[in-house]
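# Architecture and fold: a report
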Amino acid sequence: MGVSYKRLWKLIIDKDMTNVEVRKAAKISPATFTKLKKNEIVSLDVLLKICQILDCDIGDIVEVIKSVD
């Protein structure tokens, strides 16, 4: 199983914000934000900080991708 943050990038655009604005407002390190860009798993705490800044729910920014085995 994996994750996709495509919904996050779309929401940032829809809210007329930049990635840097969101990262700084949520107090997330550049390294962690790079993990998001690479669709890598990050802590729930990071996702909750982003949700607070964007006034959304976790399902609005992340999607679980089921692997086909």
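Residues numbered from 1 in each chain as written. Predicted model: local features only at pLDDT ≥ 70, side-chain atom pairs only at ≥ 80, totals over all residues. Heavy atoms only, no water.

Scanning the protein from N- to C-terminus turns up four helices and two strands. Here the C-alpha atoms of the protein give a radius of gyration of 12 Å, agreeing with the 11 Å that 2.2 N^0.38 yields for 69 residues. C-alpha extents for the protein along the principal axes are approximately 40 × 25 × 15 Å. Considering the protein as a whole, with its 69 residues, one finds that 33% of them fall into the buried category. Looking at the protein alone, contacts between residues at least 24 apart form 65% of all its contacts between residues at least 6 apart. (Helix = DSSP H or I, 4+ residues; strand = E, 2+ residues; numbered from the N terminus. Rg over C-alpha atoms; globule rule 2.2 N^0.38 Å. Buried < 20%, exposed > 50% of the residue type's maximum accessible area, 1.4 Å probe, protein only. Contact = heavy atoms within 4.5 Å.)

This brings us to the environment of Asp60. Topologically, Asp60 is positioned in the loop between α4 (44-54) and β2 (63-65). In sequence terms Asp60 and Leu44 are 16 residues apart; their C-alpha atoms lie 14 Å from each other. Discounting residues that sit within four places of it in the chain, Asp60 has contacts with Arg7, Leu8 and Leu11.

This next bit is on the packing of helix α2 (residues 19-26) against α4. Running from N to C, α2 and α4 cross one another at 110°; their axes reach a closest spacing of 9 Å. Considering the angle they form, α2 stands roughly perpendicular to α4. Considering the relative orientation of α2 and α4, their crossing is right-handed. Where α2 approaches α4, its residues Val22, Ala25 and Ala26 are matched on the opposing element by Lys49, Ile50, Ile53 and Leu54. A class-by-class count of the residues in the contact of α2 with α4 yields six nonpolar, no polar and one charged. (Axes fitted to C-alpha atoms, helices over the stretch in contact; angles between N-to-C directions. Parallel < 35°, antiparallel > 145°, perpendicular 65-115°, else oblique. Left-handed = near helix turned anticlockwise from the far one by under 90°. Nonpolar A, V, L, I, M, F, W, Y, C, P; charged D, E, K, R; others polar.)

A complete count under the given rule lists one aromatic pair for this structure. A ring pair is formed by Trp9 and Phe33, whose centres lie 5.5 Å apart and whose planes are at 75°; its orientation type is edge-to-face. Taken together, the residues span a long stretch of sequence, with Trp9 in helix α1 (residues 6-14) and Phe33 in helix α3 (residues 30-37) at a distance of 24 residues. (Phe/Tyr/Trp six-rings, centres within 6.5 Å; stacked < 30°, edge-to-face > 60°.)

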